[in-house]
Amino acid sequence: MGIVTLTTDFGSLYPASMKGVILSIDENAKIVDISHSIPQADIRAAAFALFTVVEYFPKGTVHIAVVDPGVGTDRKAIVIHSGGHYFVGPDNGLMMPAARKLGKIDVFEIGHESLPDDISATFHGRDVFARVGAHIVKGLDVQKLAHGTDDFVDLAFHHAHVSNDVVSAEVLYIDDFGNIVINVPAEVIMGISSFGTTFDLDGMDVPFMDTYARTDPGSLLFLVGSHGYLELAINQGNAAQMLGLHNGARMSITLPIIEKSK
Amino acid sequence: MGIVTLTTDFGSLYPASMKGVILSIDENAKIVDISHSIPQADIRAAAFALFTVVEYFPKGTVHIAVVDPGVGTDRKAIVIHSGGHYFVGPDNGLMMPAARKLGKIDVFEIGHESLPDDISATFHGRDVFARVGAHIVKGLDVQKLAHGTDDFVDLAFHHAHVSNDVVSAEVLYIDDFGNIVINVPAEVIMGISSFGTTFDLDGMDVPFMDTYARTDPGSLLFLVGSHGYLELAINQGNAAQMLGLHNGARMSITLPIIEKSK
Amino acid sequence: MGIVTLTTDFGSLYPASMKGVILSIDENAKIVDISHSIPQADIRAAAFALFTVVEYFPKGTVHIAVVDPGVGTDRKAIVIHSGGHYFVGPDNGLMMPAARKLGKIDVFEIGHESLPDDISATFHGRDVFARVGAHIVKGLDVQKLAHGTDDFVDLAFHHAHVSNDVVSAEVLYIDDFGNIVINVPAEVIMGISSFGTTFDLDGMDVPFMDTYARTDPGSLLFLVGSHGYLELAINQGNAAQMLGLHNGARMSITLPIIEKSK
């Protein structure tokens, strides 16, 4: 009873045909939606979503991830094996951060000869990736339908630049609360600051706290999010909407440097 | 371990009580959401959604489909059997295109005597259709709770009128990308045109391509969608929003006629 | 093969890590989403959602419900046992109406000593409640990880005040159709009125009917909703949007008193 996860920008409807395909091949597959509301064609947002949740799934899970603006062109279709998990999707970098988080990666290119003839030009989620993922979760050896390759698109989250007390950062992801995930890893921010201090965000004073309820409802705060990155949030509010920020937006944060004792 | 699919305009929450009812009757049922975000009371949109995905599910699947503006009136409750699949829902045409796609249909009316007494006037999805669907997926013979009938509401997708080089078409469905599905079947458009040509859409030049990435991001294109119909889309954008189109909207497309060799 | 339900204000993405945690502990768990689109931090709306669907799930179901503005503070984590169901979540009242609906409640506080060390300050849905819920559905005795307590936050739906022919009411919940659930139980309204009469809503005449289709599309009506409360709706329309009402909004309804024969 293997698990198959789905991460797409498809909204409703289209994921259902992927599920039909998967269950037609392996009626015992357990399908878990990670998200189908990734912003359209936003490969980095999808990469962050998968990266955030991947480690909570057990070994043997097959992750099908399809944000695929290049569908129907000659971009490759790949399978990645890492830490006992499998990743199936287009070769555009989306699965890389999640796969690398789990350990050493092995990348396989899905051969055209392994694919049926009736593939649409616009929906490989259904016609290619759902099929391949279902066969893998059912136990098929990946080498039966794909061959190892070193030629693939990579993607890594660029981390903020820290220079003395100034952090030049970027929005990595905006969640459904409107909380803004910033490209500063927890260990970096905790290495130079502490909860209870106040940061300067482009001229605004914003407290750095351990959780939302440390400020009044409606107040802005920085915290370390459950994904392991610095987060800018409004307690019980929508920070992205209030600040007008979107994925990739830049910001400058000035911190009081804390002298850490060893 | 049978599959039950759900297609509704219920949004969140209400589908959960249907799932509770189903699992209380058949704890082994595998429930797959097709969509719960059909536009409210839009029977044709629901019909297209179910029609699009039905063939990807295995035989034995029970499809419960409830967009039901007539709930609590004397509209009938029906079961359709077609191609080894079952369809359960209100008698308003919604399930017809999907059922006919799978083969010869047999329609059954659910008798009042088969139903429990505690039925609400406003939520037959939970009180009637979930129960009936669950009993069918668990193996109950349909004839035990419904009797054959020839008296039912039919619904078919009206196809575009083609006259020489002018196609008078209509919007069938708008997906969550804002891609516009048009009532021109793939075989009709491929019979009179070819990828790489340019169509005239109410005065605008729009290329006809095999996939999204053949145009620049933000550009409008026609293509054949994965559902087998002509589609009007913006590469990485929202065509329905940009053009202000909605289900049922009409458009006139002029094509360069291609002389097809036999 | 126990059932675990999830009720949160998390939107997409975060529920997936809860599901990964649950399936890592009990690969046979059947997970059902009740809603992940509860308005942010709206404990009462979540309470009503869970209250509405709980009775349709079979005994043995574990309901994890996390709308948790106090996460990371010293609010307690609790388990409630009632009518053969289990409820797992923060001690803020959210689970009380559903639990009390099923019978006599037993409340347990999850001890700190039962919890692992790697708990984040901001996501107890994943780090505490998913783990506890999964162990319970797998068969762990609640007393192994929690101890009985009488000290917990309670929450009950305040019912409308009825004085002669005037009902001073309040919005309990707004569903995804924009239908407005009002804090007047079905038995109260049916005790003083009958379908077919007309109510006065802040100066507007609104008919009281048994189902939506008794009025023209676009018309306002009162009815008894499938949740057992008075409901204000627009047939095939969005009443909350049209009237500008939100959770907690107040309204005054004047009824023609019906002399009920015993």
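Please refer to the structure higher up on the page.
Treat the numbers as computed from the prediction; the structure is a model and nothing was measured. (Residues numbered from 1 in each chain as written. Chains lettered and ligands numbered in written order. Predicted model: local features only at pLDDT ≥ 70, side-chain atom pairs only at ≥ 80, totals over all residues. Heavy atoms only, no water.)

A.B. asks: Looking at this structure, I do not really get the overall build of chain A. What am I missing?
C.D. replies: A count of helices and strands for chain A gives six helices and 15 strands. For chain A, whose C-alpha radius of gyration is 20 Å, the value lies close to the compact-globule estimate of 18 Å for 262 residues. In chain A, the share of contacts with a sequence separation of at least 24, taken over all contacts with a separation of at least 6, comes to 65%. With the model as given, the accessible surface of chain A reaches about 10,000 Å², and the carbon-plus-sulfur share is 49%. Computed over 17 positive and 31 negative side-chain charges, the separation of the two mean positions in chain A equals 6 Å. (Helix = DSSP H or I, 4+ residues; strand = E, 2+ residues; numbered from the N terminus. Rg over C-alpha atoms; globule rule 2.2 N^0.38 Å. Contact = heavy atoms within 4.5 Å. Areas by Shrake-Rupley, 256 points an atom, 1.4 Å probe, with all protein chains shown as cover. Lys, Arg positive; Asp, Glu negative; His and termini not counted. Charge placed at Lys NZ, Arg CZ, Asp CG, Glu CD.)

A.B. asks: In this structure, what is going on with the packing of helix α1 (residues 14-25) of chain B against helix α4 (residues 124-137) of chain B? I would like to understand it.
C.D. replies: Each pair of packed helices can be described by the angle between their axes along with the distance between the axes. All names here are of chain B. Two numbers describe how α1 lies on α4: the axes approach to 9 Å, and their chain directions differ by 35°. When you trace α1 past α4, the crossing you get is right-handed. Along its contact with α1, which presents Ser17, Met18, Val21, Ile22 and Ile25, the element α4 presents Gly125, Arg126, Ala130, Arg131, Ala134 and His135. The residue makeup of the contact of α1 with α4, split by class, is six nonpolar, three polar and two charged. (Axes fitted to C-alpha atoms, helices over the stretch in contact; angles between N-to-C directions. Left-handed = near helix turned anticlockwise from the far one by under 90°. Nonpolar A, V, L, I, M, F, W, Y, C, P; charged D, E, K, R; others polar.)

A.B. asks: Sorry, what's going on with the packing of aromatic side chains here?
C.D. replies: The relation between two aromatic rings is expressed through the spacing of the ring centres and the mutual angle of the planes. Residues and elements named next belong to chain A. The full count for this structure, using the stated rule, is 36 aromatic pairs over all chains. Ring-pair connections join several aromatic residues into one group, and the members of that group are Phe48, Phe51, Phe157, Tyr173 and Tyr229. Its guanidinium or amino end placed over the ring of Phe51, Lys101 lies 4.1 Å from that ring's centre, counting from NZ or CZ. (Phe/Tyr/Trp six-rings, centres within 6.5 Å; stacked < 30°, edge-to-face > 60°. Lys NZ or Arg CZ within 6 Å of the ring centre and 35° of its normal.)

A.B. asks: Please explain the interface of chain A and chain C as it appears in this structure.
C.D. replies: Each partner contributes residues to the interface: chain A has 30 residues there, and chain C has 29 residues. For the chain A and chain C pair, buried surface summed over both sides reaches about 2,500 Å², with 60% attributable to carbon and sulfur atoms. Considering only the surface of chain A that becomes buried against chain C, Tyr56(A), Phe177(A) and Ser226(A) emerge as the three largest contributors, covering 27% of it. Seen at the junction of chain A and chain C, the total is zero salt bridges. (Buried area = accessible area lost by both parts, 1.4 Å probe. Salt bridge = Lys/Arg side-chain N within 4 Å of Asp/Glu carboxyl O.)

A.B. asks: In this structure, what is going on with the relation of the copies chain A and chain C? I would like to understand it.
C.D. replies: Two chain copies here: they are related by a rotation about an axis and a translation along the same axis. It takes a turn of 120° to lay chain A on chain C, together with a shift of 0.0 Å along the axis; the resulting RMSD is 0.0 Å. Here the copies are linked by what is in effect a three-fold axis. When each C-alpha of chain A is compared by its distance to the rotation axis, Lys30(A) comes out closest, at 5.2 Å. A different interface surface on each copy is seen, since only 3% of the contact residues of chain A are contact residues in chain C too. (Least-squares fit on C-alpha atoms with pLDDT ≥ 70 in both.)

A.B. asks: Sorry if this is basic, but what is going on with the interface of chain B and chain A here?
C.D. replies: Reports often express the size of an interface as the amount of accessible area lost when the parts come together. Taken together, the 30 residues of chain B in the interface contact 29 residues of chain A. Across the interface of chain B and chain A, roughly 2,400 Å² is buried in total on both sides, 60% from carbon and sulfur atoms. Contact with chain A buries surface across chain B, with Tyr56(B), Phe177(B) and Ser226(B) losing the most and accounting together for 27% of the total. Across the chain B-chain A interface, the total number found is zero salt bridges. Applying the counting rule to chain B against chain A returns 14 residue pairs in polar contact (both at pLDDT 80 or more). Looking at the side of chain B that touches chain A, the elements with two or more residues in it are β2 (30-35), α2 (43-53) and β13 (220-224) of chain B. When the residues that make up the side of chain B that touches chain A are grouped by side-chain class, the tally is 16 nonpolar, eight polar and six charged. (Polar contact = N/O pair within 3.5 Å; in protein donor to acceptor, adjacent residues only side chain to side chain.)

A.B. asks: Before we go on, may I ask you to explain the relation of the copies chain B and chain A in this structure?
C.D. replies: Overlaying chain B on chain A yields an RMSD of 0.0 Å, the required transformation being a rotation through 120° with an accompanying axial translation of 0.0 Å. A low fraction, 3%, of the interface residues of chain B reappear at the interface in chain A, so the copies pair through non-equivalent surfaces.

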